[in-house]
There are 2 protein chains.
Amino acid sequence: MGKYVYLFTEGKKELKNLLGGKGANLAEMTNLGLPVPQGFTVTTEACTKYYDDKKVIVEEVKKEIEANLVTLESLTGKKFGDPNNPLLVSVRSGARASMPGMMDTILNLGINDEVVRGLAKLTANKRFAFDSYRRFIQMFSDVVMEIDKKNFEELLSEAKAAKGVVHDTGLDAEDLEELVTKYKARYKKIHGSDFPQDPKVQLIEAVKAVFRSWDNPRANVYRMREGIPYSWGTAVNIQSMVFGNMGDDSGTGVAFTRNPATGEKGLYGEYLFNAQGEDVVAGIRTPKPISELESDNKEVYNQFVQLASKLENHYRDMQDMEFTIEKGKLYFLQTRNGKRTAAAAVRIAVDLHKEGLLSEADALLKVEPAQLDQLLHPQFVATALKKATVVARGLNASPGAATGHLVFSAAKAKAIASKAYPVVLAREETSPEDIEGMIASQGILTARGGRTSHAAVVARGMGTCCVCGAGECHIDENTLTMNINDLVYKEGDWISLDGTTGNIYGEKIETEDVKIGGDFETIMAWADKYRSLKVRANADTPRDAKKAYDLGAEGIGLVRTEHMFFEGDRIKAIRKMIVSKTKTQRENALAELLPMQRGDFEALYRELKGFPVTVRYLDPPLHEFVPQDKADIKELAKEMHIPFARLKEIIDNLHETNPMMGHRGCRLDVTFPEIAVMQTRAVIEAAINVAKEGNFKVVPEIMIPLVSELKEFQFVKDLVDKTAAKVMAEKKYHLDYHVGTMIEIPRAALLADEIASQAEFFSFGTNDLTQMTFGFSRDDAGKFLDAYYENKIFEQDPFKTLDQNGVGKLVELAAKLGKATRPDIKLGICGEHGGDPASIEFCHKAGLSYVSCSPFRVPVARLAAAHAQIKNPR
Amino acid sequence: MGKYVYLFTEGKKELKNLLGGKGANLAEMTNLGLPVPQGFTVTTEACTKYYDDKKVIVEEVKKEIEANLVTLESLTGKKFGDPNNPLLVSVRSGARASMPGMMDTILNLGINDEVVRGLAKLTANKRFAFDSYRRFIQMFSDVVMEIDKKNFEELLSEAKAAKGVVHDTGLDAEDLEELVTKYKARYKKIHGSDFPQDPKVQLIEAVKAVFRSWDNPRANVYRMREGIPYSWGTAVNIQSMVFGNMGDDSGTGVAFTRNPATGEKGLYGEYLFNAQGEDVVAGIRTPKPISELESDNKEVYNQFVQLASKLENHYRDMQDMEFTIEKGKLYFLQTRNGKRTAAAAVRIAVDLHKEGLLSEADALLKVEPAQLDQLLHPQFVATALKKATVVARGLNASPGAATGHLVFSAAKAKAIASKAYPVVLAREETSPEDIEGMIASQGILTARGGRTSHAAVVARGMGTCCVCGAGECHIDENTLTMNINDLVYKEGDWISLDGTTGNIYGEKIETEDVKIGGDFETIMAWADKYRSLKVRANADTPRDAKKAYDLGAEGIGLVRTEHMFFEGDRIKAIRKMIVSKTKTQRENALAELLPMQRGDFEALYRELKGFPVTVRYLDPPLHEFVPQDKADIKELAKEMHIPFARLKEIIDNLHETNPMMGHRGCRLDVTFPEIAVMQTRAVIEAAINVAKEGNFKVVPEIMIPLVSELKEFQFVKDLVDKTAAKVMAEKKYHLDYHVGTMIEIPRAALLADEIASQAEFFSFGTNDLTQMTFGFSRDDAGKFLDAYYENKIFEQDPFKTLDQNGVGKLVELAAKLGKATRPDIKLGICGEHGGDPASIEFCHKAGLSYVSCSPFRVPVARLAAAHAQIKNPR
């Protein structure tokens, strides 16, 4: 028999996996002597058990909950369901990792028809009592019984309309009592039975609902994005209620110990008088800044400042706290390490180190690598911004600039957003259901809600630009228009947001990349000091190469030479090669490509200033270079002066049933060795030319793609070596160069020991390796992968985060075999996983020498590599 | 320094790898005291060295050859290049495995302008001397200098025409002397320098030519088909010449100790008086049966009979011998274990056991498993044959019946032959260049040549029907016609051959499968006694299942259920399922398929009489069930009463970029669980129905295809288990069944330990596993695989013989991991490799429980499994 329930007095922060973050921190605050309304936590193991038991809370767990309830009653001196001295509780989710807003919460639980009267008498505040009951009915119905809350909002609106008032506060106790009757009637009409009066039934149903919410679609989407395993489950915290809505000496708020947008030290937050927490988070009323609490209630403010500081020092991190003031008494309802922007994360980490709270290594661990991406996100081009007109202002909730076409629903955003058609999502306010549409959008604009509203929190987490609480914007979802004063914007119109200032522009404004410095450079310098993995970039153009170099790349891990073949005259030359009938014709066509390709390589070598440049030889199947459409083929035939029928035949012959597994990669070099010969000439000639300039040494790395067999690699390497020797003799210049291979075919991984006898380096092409190891093509997997996520067969997109169990096994095997044959073999990764922090940690552990990723991910990779080394020293 | 040359007196049969088969056996015969013209063997290691040294025979090897030549001179008392007592030699290839006719031979080497005159004087036979010189010039020019032999044949024809004679024998000594002058002039004209007069130069060039011939295209094709590694190389035998063309007391021949077509005991062969060996093999003159030698020269015949019997007893196998009679003295030029038809192999093995020469196990090893296929090849349907008319007769060179369209060149045969367009190749005679066309043909017909001619030897080896030496057939390759008496057959006309009788029919005759028994049954019974691997068949229809059962299959290893979906109403039902918009529509469509599928399974269970039947669930992508052509889609739309545009859209949506890696296999069950539900219902209902008949127990095996992850397998298994439980409850009948998976995706092999926790059996789907492990699709690899074979990157088609290095590693790993989790896991293979003897030996060694192959391969597999066990006891 396990222990499934812990009193707050029994827990501690180290039990986060068992109690969830919220539960562990409530226990920790209790231990620290902070004023915390007491309660207990139903563990994450109970949640797992609930799912194992086919979604049933078994007697054993129920009994534990009830036993702890009795203890809580004695701790609080109140009694569950006792009208004369009622204990009310909140029921909240709390997973191991923070998932703000993704799961469910029920407040005021324990009220029923009797208790509400007792509560009215006890507090001498009938209005408060019925307001609480009303809220509870709505929340319980919504969350536990899945009755749409619109049902109750409708009744509330009717009541206000009947009385002719605008705000809820316009309704008095009797109005609310009547409303409760109507609420209960509506509940019965929809649900078929009376609203449950037994508080224990309410409690167990609420716990179940929270467990259930672990598996709701938005939680699943969020977990996938954040890489949180489904198997963790959530804990449930049952805490005695304190009331921020007991009058004007009561209130509730949310505050950070440092500014979560900038990292600036000092209390930062908002509060609302006479309100419950949900009012602040939901963004329905616009709250006051926390600083005003000082004048409102200096004593409480001072106590809060002091305890907040105590918490920050204790956790050695910026804290995000929820508090309630009940009749002038301060309570802490939650504390956690606060979510923050990348800029804030960087500043806070550096500051905490300066303040002596963190070592360099610990400070590094406070910055999430993936987050850095934010800092590298576009800003408006200054000159373009100068000409633009601000049409409205909102709160600067998440930094960065966004420009895109206006859409009014998350569904629409999700459906139409693309690189070619960027969108900005405008909503009255957002809610957790909107998560997928928010991910798809360039920027998010809301008319209501503060900096801690759903839109702001989520956008910051994603690094998406967000302006919120922009009251000037009147959004009409029916007519798909947004009115700002007398301007009208329709769906599809251009709109731009500045998440750093809160400015809104009714036009398209060009964006550009960010300049970074200061604390960021400090963090990067520390990261470089700690990491053992090298970081390179995948770059095909001098522009990308420069960007990569500027962002700290220590080489290019992948030049996709075919990307050079698509421009102007090049595509013509490659097409000439494709239609060639003889080897000589092919060689002539390739000769036209040679100077262009040589020029490209020279430029790359110069940008990299002596860092290694790994050139991958032609990889895609040849049909990618010719048109497929009849009209285009006709035009091309004319242009190339060959009969349409012949060109058509050539193109038809290039057709492949499974192009991913077709005539591509080094298979092209085996059938047309002249391709490898030309590419070698370009690589070596360029290297010699640049080396002769005398500024730095150039040691080209030649990478043969799609190898599955040593002899195949040897065949191409022989071509390379012969050609290189010839070029060096012609140029009378000796140059070192290395020939290696991609490991992207399972067989190459299995036979890596043999291949390493000839290959001087391996670069794991984990995109193709993932496709072939799983046996599904990225282009086609979309049709079924959603069903795999839904059924929890996969929890991660294997193309985003490396599948360590399967694909990773091949990577580890190949690394081991390669090193066995050639102990100094250089091992890298150039698939998209090379920029994914979790995958980088894996690469570190697998003993790779470097990762290579897109230029903008280089800082992310540098930091992730440092994390990997700190967590797993090697 | 190695030893690269062995005198015949230094070798023995156990040195076959070093000396080649021919060299080892010449040494063995020498040791046995047989009359063997002496000589020496340049080893296979010298050949390998020649290739390693970039096609040069280094001094070290040359010197060894020369030293042995000196020894040979003292052994024979003759001298190389000495006109007064000249030593002439033959230079012949001889690889570890017999490759008849694939490599080159040069006879009469050592003749020059002086030696020819000495030879004339010495033999008092000027005609013989100049005939030998003429032959040598042609052979040396052709083989060593690559001068087309047509050049010389032309001169020979001119000489005969000028003299007005038909046969070579019509030319006298002076004619031949003049011809030699013309030959040398033609040589000089083409080659640019005089015909080499130094015998040592002739010798070294000839040795080089033989080494070179190891790498000629026909040898490469042959090796690939026979699975002989390129790395083995060939030895070269230099043997003093004896002359069968020294007059009518001389001759040459080829004989077997038993009939190579039937296995009957007794000398079987042919000889020609006054001829050299090439005349017999080339099929230019039609030789006499060996039995006539008895009346021609009783003494020599008796000596031959006695020595042949000695050889057979010594080698404990049927011998294939070449002999020459020089002026009444018998010489053995070669002996080897003779190639034979399957029927002969079986009979000989059984007889040799009966004669006490071989144990059962050794007798089994004498029958090549792949050969058995021949026995199972079609014969003419008796009733159809009755109505057919024999238009000509030839020699019954290789048994079996063939019917197909007439073609007149191997190239054409190779180009157009297919299942739908079977061809019969008709040639004046065949030569080693024709090998690929011969492989592609159903049958081979030649107008000239005996039972040991090229066509006959090769056809027997391949098990292809062959009728040769059919002099009535006049073949004109220019007009593409064949005249038989006054009948004219054009290219494309139907023709039929009976390789067992030698009959030729000018029409199509239906063929049917062979009945087998007697010795074959004995061999099969022994095989079953020795083997430890079980043998199952892949069968989709009751007819195939019956065939499999009759041929000894111990179960069905693979029922491809989709093959049942293509007939009549079934394709309609599956199409209805595909166009369904809702799950209910899909279920209704599937409900139509249920009774048909259940009926199929019932029939399969009944045919297998209690042996296991493994049903693989729907595997191919759905687009395989719908038309792609616009007109066909229109028709289907009409038939299905849905708008064309909608059907077109559905079909377009099914399109996949890489269908091999697309939405197929168990991925269909994850997205449309109702498919697995229907198939389970069909499997279990059928099993219960047949089990209730009470004749035998039925334990269905359900196989989930394309699994890459445990949870995916678990998802489908849950559907199976739930449905099976439901069906059993409905039918009130309990049945055992097993659920397992294909291992055909690399990831499944890597994670086989996890998957085995739920899967009760694995069946290796090595077709797909090969594709994904190599990263090329079978459909597309044709474009580049030829270049891979040409460049020796691959020596075997990995789809024919399992790639043990790569794919095999995954099979071994999965087997090991699977057994670690579930020690009693059943392991099988159902890819096409399951019927390939080399792959079967691998499966045996990898510890598999069974192989599954096409029904006709079952006997092959049974015997191969026995070989595997005898060679690698487990």
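Note that this is a predicted model, so its numbers are computed, not measured.

Calculation notes
- Residues numbered from 1 in each chain as written.
- Chains lettered and ligands numbered in written order.
- Predicted model: local features only at pLDDT ≥ 70, side-chain atom pairs only at ≥ 80, totals over all residues.
- Heavy atoms only, no water.
- Least-squares fit on C-alpha atoms with pLDDT ≥ 70 in both.
- Contact = heavy atoms within 4.5 Å.
- Phe/Tyr/Trp six-rings, centres within 6.5 Å; stacked < 30°, edge-to-face > 60°.
- Helix = DSSP H or I, 4+ residues; strand = E, 2+ residues; numbered from the N terminus.
- Buried < 20%, exposed > 50% of the residue type's maximum accessible area, 1.4 Å probe, protein only.
- Pairing = 2+ DSSP bridges.
- Buried area = accessible area lost by both parts, 1.4 Å probe.
- Salt bridge = Lys/Arg side-chain N within 4 Å of Asp/Glu carboxyl O.
- Polar contact = N/O pair within 3.5 Å; in protein donor to acceptor, adjacent residues only side chain to side chain.
- Axes fitted to C-alpha atoms, helices over the stretch in contact; angles between N-to-C directions.
- Parallel < 35°, antiparallel > 145°, perpendicular 65-115°, else oblique.
- Left-handed = near helix turned anticlockwise from the far one by under 90°.
- Nonpolar A, V, L, I, M, F, W, Y, C, P; charged D, E, K, R; others polar.
- Patch = residues over 30% accessible without salt bridge, like charges linked within 9 Å, V, L, I, M, F, W, Y side chains within 5 Å.
- Areas by Shrake-Rupley, 256 points an atom, 1.4 Å probe, with all protein chains shown as cover.
- Lys, Arg positive; Asp, Glu negative; His and termini not counted.
- Charge placed at Lys NZ, Arg CZ, Asp CG, Glu CD.
- pLDDT = per-residue confidence, 0-100.
- Expected span 1.5 Å × (residues − 1).

**Student:** Just to check I follow, could you spell out the relation of the copies chain B and chain A for this structure?
**Tutor:** Note on the chain copies: they are related by a rotation about an axis and a translation along it. Note on the copies: chain B fits chain A at an RMSD of 0.2 Å, the axial shift is 0.1 Å, and the rotation between them is 180°. This pairing of chains is accounted for by a two-fold axis. Nearest to the rotation axis, the C-alpha of Asn658 of chain B is located 2.0 Å from it, this being the minimum over chain B. A share of 98% of the interface residues of chain B reappears at the interface of chain A, consistent with the copies meeting face to face through the same patch.

**Student:** Honestly, the packing of aromatic side chains in this entry has me stumped. Any pointers?
**Tutor:** Aromatic ring pairs are reported here in terms of the distance separating the ring centres and the angle at which the planes meet. The final tally for this structure, using the stated rule, is 48 aromatic pairs over all chains. Where Tyr133 of chain A meets Phe195 of chain A, the ring centres are 6.5 Å apart and the plane angle is 70°; that geometry is what we call edge-to-face. Highlighted residues: Tyr133 of chain A in helix α5 (residues 126-143) and Phe195 of chain A in the loop between α7 (173-191) and α8 (199-213), separated in sequence by 62 residues. Residue classification places Tyr133 of chain A among the buried residues on the basis of a relative accessible area of 1%. With centroids separated by 4.8 Å and ring planes inclined at 80°, the aromatic side chains of Phe128 of chain B and Phe243 of chain B adopt a geometry described as edge-to-face. Here Phe243 of chain B lies in the loop between β5 (234-240) and β6 (251-258) and Phe128 of chain B lies in helix α5 (residues 126-143), a separation of 115 residues in the sequence.

**Student:** So what exactly am I meant to see when it comes to the pairing of strand β29 (residues 761-764) of chain B here?
**Tutor:** For a regular strand, side chains alternate in direction, first toward one face of the sheet and then toward the other. Residue and element names in this part refer to chain B. On β29, burial covers both faces: Phe761 and Ser763 on one face and Phe762 and Phe764 on the other are all buried. Inspection of the sheet shows strand β28 (residues 738-743) paired to β29 by 3 bridges, in the parallel sense. By the bridge assignment, Thr741 is partnered in β29 with Phe762. Examined bridge by bridge, β29 and strand β30 (residues 826-829) share 4 bridges and lie parallel to one another. Counted as the bridge partner of Phe764 is Ile829 from β30.

**Student:** What am I meant to see in the interface of chain B and chain A here?
**Tutor:** Interfaces are often sized by the accessible area lost when the parts come together. Taken together, the 51 residues of chain B in the interface contact 50 residues of chain A. Buried surface at the junction of chain B and chain A, summed over both partners, amounts to about 4300 Å²; 57% is from carbon and sulfur atoms. A per-residue breakdown of the area chain B buries against chain A is headed by Met661, Arg747 and Lys783 of chain B, which together make up 15% of the total. At the surface where chain B touches chain A, the tally comes to 4 salt bridges. Glu795 of chain A is the salt-bridge partner of Lys711 of chain B, the closest N and O atoms lying 3.9 Å from each other. For the pair chain B and chain A, the number of links is 27 residue pairs in polar contact (both at pLDDT 80 or more).

**Student:** How should I be thinking about the pattern of salt bridges in this particular structure?
**Tutor:** When their charged atoms lie close together, side chains carrying opposite charge are able to pair. Going through the model one piece at a time under the given rule, you end up with 132 salt bridges over all chains. Across the pair Arg117 of chain A and Glu177 of chain A runs a salt bridge, and its minimum N-O distance is 2.8 Å. Remark: Glu177 of chain A occurs in helix α7 and Arg117 of chain A occurs in helix α4 (residues 113-123); sequence separation between them is 60 residues. For Arg117 of chain A, a relative accessible area of 45% puts it in the partly exposed group. A salt bridge links Arg134 of chain B to Asp131 of chain B; the nearest nitrogen and oxygen atoms lie 3.1 Å apart. Taken together, the residues Arg134 of chain B and Asp131 of chain B, both in helix α5 and 3 residues apart, mark about one turn of the helix. Exposure remark for Asp131 of chain B: the relative accessible area of 7% places this residue in the buried category.

**Student:** Any chance you could explain the sheet that holds strand β6 (residues 105-109) of chain A here in plain terms?
**Tutor:** Strands belonging to one sheet form pairs held by backbone hydrogen bonds; the direction of such a pair is parallel or antiparallel. All names here are of chain A. One open sheet accounts for 5 strands, arranged β1-β2-β7-β5-β6; its pairing is antiparallel. A strand with exactly one partner marks an edge of an open sheet, and here the two such strands are β1 (5-7) and β6. Neighbouring strand axes in the sheet, compared pairwise and without regard to direction, differ in orientation by 20° on average. Examined bridge by bridge, strand β2 (residues 39-42) and strand β7 (residues 234-240) share 4 bridges and lie antiparallel to one another. Within the sheet, the bridge partner assigned to Val42 lies in β7 and is Val236. The sheet contacts of α8 involve β2, β5 (89-95), β6 and β7, and relative to β7 the element is tilted by about 145°.

**Student:** How should I be thinking about the side chain of Thr446 of chain A in this particular structure?
**Tutor:** All names here are of chain A. Assignment of secondary structure puts Thr446 in strand β18 (residues 443-446). Given a relative accessible area of 1%, Thr446 falls into the buried group. In this structure the side chain of Thr446 is engaged in a polar contact, spanning 3.1 Å, whose partner is the backbone oxygen of Arg448. Aside from chain neighbours lying at most four places away, what touches Thr446 is Arg427, Glu428, Glu429, Thr430, Ala455, Val467, Cys468, Gly469 and Ala470.

**Student:** What should I look at first to understand unusual backbone geometry in this one?
**Tutor:** Note on backbone geometry: most residues besides glycine have negative phi, and most peptide bonds are trans. In this structure, Asn108 of chain A takes a positive phi of about 65° despite not being glycine. As for its placement among the helices and strands, Asn108 of chain A is situated in strand β6. Under the relative-accessibility criterion, Asn108 of chain A is labelled buried at 1%. Phi angles above zero are rare outside glycine, and Lys327 of chain B is one such case at about 45°. With respect to the element layout, Lys327 of chain B can be found in the loop between β9 (319-326) and β10 (329-337). Overall, the relative accessible area of 47% leaves Lys327 of chain B in the partly exposed class.

**Student:** Is there a simple way to think about the packing of α5 of chain A against α8 of chain A in this case?
**Tutor:** A packed helix pair is summarised by two numbers, namely the angle formed by the two axes and the spacing between the axes. Residues and elements named next belong to chain A. With their axes 10 Å apart at the nearest point, α5 and α8 run at an angle of 50° to one another. It follows from the interaxial angle that α5 and α8 lie oblique. Handedness of the α5/α8 crossing: left-handed. Contacts between α5 and α8 pair Phe136, Phe140 and Val143 from the former with Gln202, Glu205, Ala209 and Arg212 from the latter. Classifying every residue of the contact of α5 with α8 by side-chain character gives 4 nonpolar, 1 polar and 2 charged.

**Student:** How should the environment of Gly555 of chain B be read in this particular structure?
**Tutor:** Relative to the helices and strands, Gly555 of chain B resides in the loop between α20 (542-550) and β25 (556-560). Through-space distance from the C-alpha of Gly555 of chain B to that of Met661 of chain B is 30 Å; in sequence the pair is 106 residues apart.

**Student:** How should I be thinking about a negative patch on the surface in this particular structure?
**Tutor:** Taken together, the side chains of Asp629, Asp632, Glu635 and Glu639 of chain A define an acidic patch exposed on the protein surface. Summarising the element assignment, Glu639 of chain A is placed in helix α23 (residues 630-640).

**Student:** Is there a simple way to explain the sheet that holds strand β27 (residues 701-704) of chain B in this structure?
**Tutor:** Residue and element names in this part refer to chain B. Strand order in the closed barrel formed by 8 strands is β24-β25-β26-β27-β28-β29-β30-β31, with parallel pairing between adjacent strands. Each strand of the sheet is rotated relative to its neighbour by a mean of 25°, with strand direction disregarded. Here 2 bridges tie β30 to strand β31 (residues 850-853), and the two strands are oriented parallel to one another. Residue pairing across strands places Gly828 opposite Tyr850, the latter belonging to β31. Running over the sheet, helix α32 (residues 807-821) touches β28, β29 and β30 and is turned about 175° from β29.

**Student:** Hey, could you run me through the confidence of the model for chain A in this one?
**Tutor:** Predicted coordinates in areas of low pLDDT are best not read in detail. Chain-level pLDDT for chain A is 92 on average; 97% of the residues reach the 70-or-more range. Interface confidence for the predicted complex, expressed as ipTM, amounts to 0.82; the pTM equals 0.82.

**Student:** What exactly am I supposed to notice about helix α19 (residues 519-530) of chain B here?
**Tutor:** Structurally, the α-helix is built with 3.6 residues per turn, so residues lying three or four positions apart point the same way. Between its first and last C-alpha atoms α19 of chain B spans 17 Å; for 12 residues at 1.5 Å apiece the expected length is 16 Å, and the two agree. The secondary structure elements touched by the buried residues of α19 of chain B are α13 (342-354), α14 (360-365) and α34 (858-871) of chain B.

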